[in-house]
Amino acid sequence: MKKAKITIKNYRCFDDSNPARIEIDNGIISFIGPNNSGKSSLLKMFREFRNIWQELSTPFGINNFVVAKQKSLNIEYVNDQLEIFSDTNNRPISIEFEIEAETADCLTEQPPRLFPNKLKISADRNQPSYWKIELFSESRGVLTPELNRMQISNEIIQVVFGDIWNHVFTEHLSRHFASLHKSLYIGPFRNAINVGATNYYDTRVQI
């Protein structure tokens with residue numbers, strides 16, 4: 001998994017005036033900090049969004065999501081889809097991933113080749129199960145069907161700029177989300193002793 005910078009806005013305790021900004025990389029990742037600083041909320045986010053990580057875990061999934069503009073996807077492990085929204089405002093949840101680029105955009109080739117380095121998902125409170133997606137290219141900016149002509153060909157997004165079809169590659173992004181989907185999530189140890197003989201996050205607890 002490539003190193004990623006993640007910005008989380010209007011999810012639980014992280015409103016857009018106080019967003020969560022973290023970096024993740026390969027290996028074991030621990031959230032360490034004082035009580036009530038949002039560690040558990042961060043871990044919940046990664047686990048609750050597994051359906052979305054799975055949707056984004058292949059180039060085919062990302063590309064179809066982008067062209068479709070939005071998809072109906074439920075958040076796991078919550079009783080009410082509105083539960084995950086910040087209580088301090090009515091604005092959308094957004095989660096942005098900025099991933100280390102493996103290859104820079106190459107506009108001199110024909111057709112030009114784009115390798116997006118950012119992906120953002122968002123949902124409005126009035127439609128909490130409908131998620132939108134945006135891709136960002138360093139050379140072309142935001143890539144969405146609202147702004148650009150788009151189509152999918154052989155699992156590659158093709159997008160028009162100046163009457164020229166550009167090829168957009170998303171495999172490097174999908175590998176990141178495949179890692180998130182397959183990761184093992186282990187909850188706060190202080191809470192594990194209270195749950196009895198049951199599953200606690202991705203571990204089995206037996207007292």
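All of these numbers come straight from a predicted model, not from anything done at the bench.

Criteria and thresholds
- Residues numbered from 1 in each chain as written.
- Predicted model: local features only at pLDDT ≥ 70, side-chain atom pairs only at ≥ 80, totals over all residues.
- Heavy atoms only, no water.
- Phe/Tyr/Trp six-rings, centres within 6.5 Å; stacked < 30°, edge-to-face > 60°.
- Helix = DSSP H or I, 4+ residues; strand = E, 2+ residues; numbered from the N terminus.
- Buried < 20%, exposed > 50% of the residue type's maximum accessible area, 1.4 Å probe, protein only.
- Lys NZ or Arg CZ within 6 Å of the ring centre and 35° of its normal.
- Pairing = 2+ DSSP bridges.
- Core = buried A, V, L, I, M, F, W, Y, C linked by side-chain atoms within 4.5 Å.
- Contact = heavy atoms within 4.5 Å.
- Axes fitted to C-alpha atoms, helices over the stretch in contact; angles between N-to-C directions.
- Salt bridge = Lys/Arg side-chain N within 4 Å of Asp/Glu carboxyl O.

## Some words on the packing of aromatic side chains
Within this structure, the stated rule accounts for nine aromatic pairs. Judged by centre distance (5.3 Å) and plane angle (20°), the ring pair of Phe115 and Phe169 falls under stacked. Here the residue Phe115 occupies a position in the loop between strand E5 (113-114) and strand E6 (118-123), and Phe169 occupies one in the loop between strand E11 (164-168) and helix H4 (171-182), the gap between them amounting to 54 residues. For the pair Phe115 and Phe169, a shared accessibility class is recorded, and that class is buried. Taken together, the ring pairs in this structure connect Tyr11, Phe49, Trp53, Phe97, Trp131 and Phe177 into an aromatic cluster. Above the plane of the ring of Tyr77 lies Arg47, whose end atom (NZ or CZ) is 3.7 Å from the centre.

## Section: the pairing of strand E7 (residues 130-137)
Summarising the sheet, strand E3 (residues 70-72) and E7 pair through three bridges and their orientation is antiparallel. Paired with Lys71 across the two strands is Trp131, which belongs to E7. The sheet contact formed by E6 and E7 spans six bridges and is antiparallel. Within E7, the residue paired with Ser122 across the bridge is Lys132. Counted between consecutive antiparallel strands, the loop separating E6 from E7 contains six residues. From the end of E7 to the start of strand E8 (residues 141-143), which pair antiparallel, there are three residues.

## Points about unusual backbone geometry
The linkage connecting Gln110 with the following residue, Pro111, adopts the cis geometry, with an omega of 0°. For Pro111, the location among the structural elements is in the loop between strand E4 (93-99) and E5. For Arg12, which is not glycine, the phi dihedral falls at a positive 50°. Residue Asp163 is not a glycine yet carries a positive backbone phi of 70°. Within the secondary structure, Asp163 sits in the loop between strand E10 (156-161) and E11. Owing to a relative accessible area of 72%, Asp163 belongs among the exposed residues under this scheme.

## What to know about the nonpolar core
Membership of the largest hydrophobic core comes to 46 residues, with the highest contact counts inside it found for Phe49, Trp53, Ile121 and Trp131. Those residues in contact with Phe49 that sit more than four places away from it in its chain are Tyr11, Ile75, Ile84, Ile95, Ile121 and Trp131.

## Digging into the sheet that holds E5
Read from one edge to the other, the open sheet built from four strands follows the order E5-E11-E10-E9, with strand pairing classed as mixed. Both outer strands of the open sheet, E5 and strand E9 (150-153), are each paired with one neighbouring strand and no more. Two strands pair when backbone bridges link them, and E5 and E11 are joined in this way by two bridges, in the parallel orientation. Each residue of the ladder has a partner; that of Arg113, found in E11, is His167. The strands touched by helix H3 (residues 59-68) are E9 and E10; relative to E9, the strand with the most contacts, the crossing angle is about 155°.

## Some remarks on the pattern of salt bridges
Working definition: two side chains of opposite charge can pair if their charged atoms are close together. Taken as a whole and judged by the stated rule, the model has eight salt bridges. Among the salt bridges present, the one from Arg12 reaches Glu48, with a minimum N-O distance of 2.6 Å. With Arg12 in the loop between strand E1 (4-9) and strand E2 (20-24) and Glu48 in helix H1 (residues 39-48), this pair connects stretches of sequence that are 36 residues apart. Like Glu48, Arg12 is buried. Across the pair Arg91 and Asp16 runs a salt bridge, and its minimum N-O distance is 2.6 Å. With a gap of 75 residues between them, Arg91 in the loop between E3 and E4 and Asp16 in the loop between E1 and E2 connect regions that are remote in the sequence. Given a relative accessible area of 43%, Arg91 falls into the partly exposed group.

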